[in-house]
Amino acid sequence: MTYPITNIAIPAILEIKSGVIYELENILKKHQFVNVAILFDEFSYENYAAILKGTFKSIKLDTIKMKANVNLSELIEHAFLLERYDAVIAMGGGTVIDYGKYIAFSRRVPYISIPTSASNDGFASSNCSLIVNDKKTTVPAKVPFGIIVDIDIIQQVPDHFLLAGVGDLLSNITALYDWEYEEQNGVSQVNHFAAMLSKKAVNSFVRTPMTDIHHPIFIKELVSSLTMGGIATVISGNSAPISGSEHLISHALDHVSANPSMHGIQVGIATYIMANVQEHRAERIAKVFTRTRFFDYIKDLQLDKNDYVQAIKMGPSIKPKRYTYLHDEKYREKALSFIDKDPLLKTLWK
Ligand SMILES: [Zn+2]
């Protein structure tokens, strides 16, 4: 009899600290890279391209500014027009991180993430969200070879980026509960190591009782936990450890809402809803959202309750092969009635 061997790729570089971008050349040297490209978005190009270039002495570095709204076929074309690099790095928000991940994946070279916000777990995950036929679609890629996060940079982002990161991280709680439910219904099997990693990541974060979301310790905790969640998806080979019914609601909102919010913000609200439907750790989630002022930020957004009603109904059709709480009509009804009656949500809608 042969036993399956689990052999998973994990990042070889993991640096989460203040001022680390100034050490980039040394980090790359340690891994024998001599010719690299860094992709930037508009914002990161303006703010960091020249600074980074100035710190490089011996490694050849090309800085490339990517435009927004590149679709999959344009991205592949772009990937093959690039010269051969030892590594492709992307520095910036979620979009350019996904571009870099996909370009490196299609050229079979190591990819290094340098996120400038911590608004979701994409910088550490193996998937990317790209535009295919005008629709945002999750496309498989590879886990980053390196993750480099400069806490000084993340500290400067506006509150809502960090709050989105908090929302995306807390969704591990509902996603894991959905995964167990799915297994109980014979639809999939929980990978216990991946589940443990995802659970430990979010628990470590919720037990950091801080109110200052720009505090370096808070940011380090948030970023490390998002990273662990991303790695959990590599172990399980799917997004289940960090993405369940709450993510389906967010994906559905991207379709039905005239004005979708940031991924992690939508996911956070949906996490609060689904935790109440699952009757599992809902109070803990509400406490974290109150303490970090996540709910206060939502109030300013003037969200449309009707978007959420539609998204709950549409959610299961986004991933028909899964079986989360939202796929069960009984719990879908419960979710609809919850958003209708919950006193806290009442204060959030426009
Ligand atoms: Zn997410």
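About the thresholds
- Residues numbered from 1 in each chain as written.
- Predicted model: local features only at pLDDT ≥ 70, side-chain atom pairs only at ≥ 80, totals over all residues.
- Heavy atoms only, no water.
- 1 Å grid on protein atoms, 1.4 Å probe; cavity = no way out; pocket = protein on both sides within 12 Å on 5 of 7 lines; lining within 4 Å.
- Points joined across faces, edges and corners; volume = space filled by probe spheres on them.
- Nonpolar A, V, L, I, M, F, W, Y, C, P; charged D, E, K, R; others polar.
- Helix = DSSP H or I, 4+ residues; strand = E, 2+ residues; numbered from the N terminus.
- Buried < 20%, exposed > 50% of the residue type's maximum accessible area, 1.4 Å probe, protein only.
- Donors = N, O, S within 2.8 Å, 3.2 Å for Na, K, Ca; no water.
- Domains from an automatic or database assignment.
- Contact = heavy atoms within 4.5 Å.
- Buried area = accessible area lost by both parts, 1.4 Å probe.
- Salt bridge = Lys/Arg side-chain N within 4 Å of Asp/Glu carboxyl O.
- Patch = residues over 30% accessible without salt bridge, like charges linked within 9 Å, V, L, I, M, F, W, Y side chains within 5 Å.
- Areas by Shrake-Rupley, 256 points an atom, 1.4 Å probe, with all protein chains shown as cover.
- Lys, Arg positive; Asp, Glu negative; His and termini not counted.
- Charge placed at Lys NZ, Arg CZ, Asp CG, Glu CD.
- Polar contact = N/O pair within 3.5 Å; in protein donor to acceptor, adjacent residues only side chain to side chain.
- Axes fitted to C-alpha atoms, helices over the stretch in contact; angles between N-to-C directions.
- Parallel < 35°, antiparallel > 145°, perpendicular 65-115°, else oblique.
- Left-handed = near helix turned anticlockwise from the far one by under 90°.

Some remarks on empty space enclosed by the protein
A full pass over the atoms with the stated rule returns three cavities of 30 Å³ or more. Volume-wise, the largest cavity comes out at about 60 Å³. What lines the largest cavity is simply Gly93, Gly94, Ile97, Pro115, Ser117, Ser119, Asn120, Gly122 and Phe123. Of the residues contributing to the lining of the largest cavity, the split by class is three nonpolar, six polar and no charged. Roughly 50 Å³ of internal volume is contained in the second largest cavity.

Digging into the environment of Lys57
Along the polypeptide, Lys57 turns up in the loop between α2 (42–55) and β3 (60–65). On the accessibility criterion, Lys57 (69% relative accessible area) is exposed. Linking Lys57 and Glu25, residues 32 residues apart in sequence, is a C-alpha distance of 7.9 Å.

Things to note about the coordination of the zinc ion
Looking at the zinc ion, the protein donor atoms are Asp168 (OD), His247 (NE2) and His263 (NE2), and they sit 2.1 to 2.2 Å from it. Written as a sequence motif, the donor arrangement for the zinc ion is D-x78-H-x15-H. Here the residue Asp168 occupies a position in helix α6 (residues 159–184), and His263 occupies one in helix α10 (residues 263–278), the gap between them amounting to 95 residues. The class of Asp168 is buried, set by a relative accessible area of 0%.

Here we look at the domain arrangement of the protein chain
Taken domain by domain, the protein chain holds domain 1 (13–154) and domain 2 (159–346). Taken together, the contact between domain 1 and domain 2 spans 18 residues of the former and 23 residues of the latter. With both sides pooled, the region where domain 1 packs onto domain 2 buries about 1,600 Å², and carbon together with sulfur makes up 72% of that total. On the surface where domain 1 and domain 2 come into contact, there are zero salt bridges. Secondary-structure elements contributing two or more residues to the side of domain 1 that touches domain 2 are β1 (13–17), β8 (146–150) and α5 (151–155). A breakdown of the residues in the side of domain 1 that touches domain 2 according to their chemical character gives ten nonpolar, six polar and two charged.

Section: a positive patch on the surface
Together, Lys200, Arg207, Arg284 and Lys287 line one region of the surface with positive charge. Within the secondary structure, Arg207 is located in the loop between α7 (192–206) and α8 (216–236).

What about the side chain of Thr292?
Inspection of the secondary structure assignment puts Thr292 in the loop between α11 (282–291) and α12 (294–301). You can call Thr292 buried: its relative accessible area is 2%. Other than its neighbours up to four places away in sequence, Thr292 contacts Leu163, Ile213 and Phe218.

Overview of the side chain of Thr324
Mapped onto the elements, Thr324 comes out in the loop between α13 (305–318) and α14 (329–341). At 2.8 Å, the side chain of Thr324 forms a polar contact with the side chain of His327. For Thr324, the residues in contact, after removing those within four places along its chain, are Asp178, Tyr181, Glu182, Gly244, Ser245 and Leu248.

Side note on the packing of α10 against α11
Interhelical geometry of α10 versus α11 gives an angle of 155 degrees and a closest axis separation of 8 Å. With respect to α11, the element α10 is oriented roughly antiparallel. Handedness of the crossing formed by α10 with α11: left-handed. From α10, Gly268, Thr271, Tyr272, Ala275 and Asn276 reach across to α11, where they touch Ala282, Ile285, Ala286 and Phe289.

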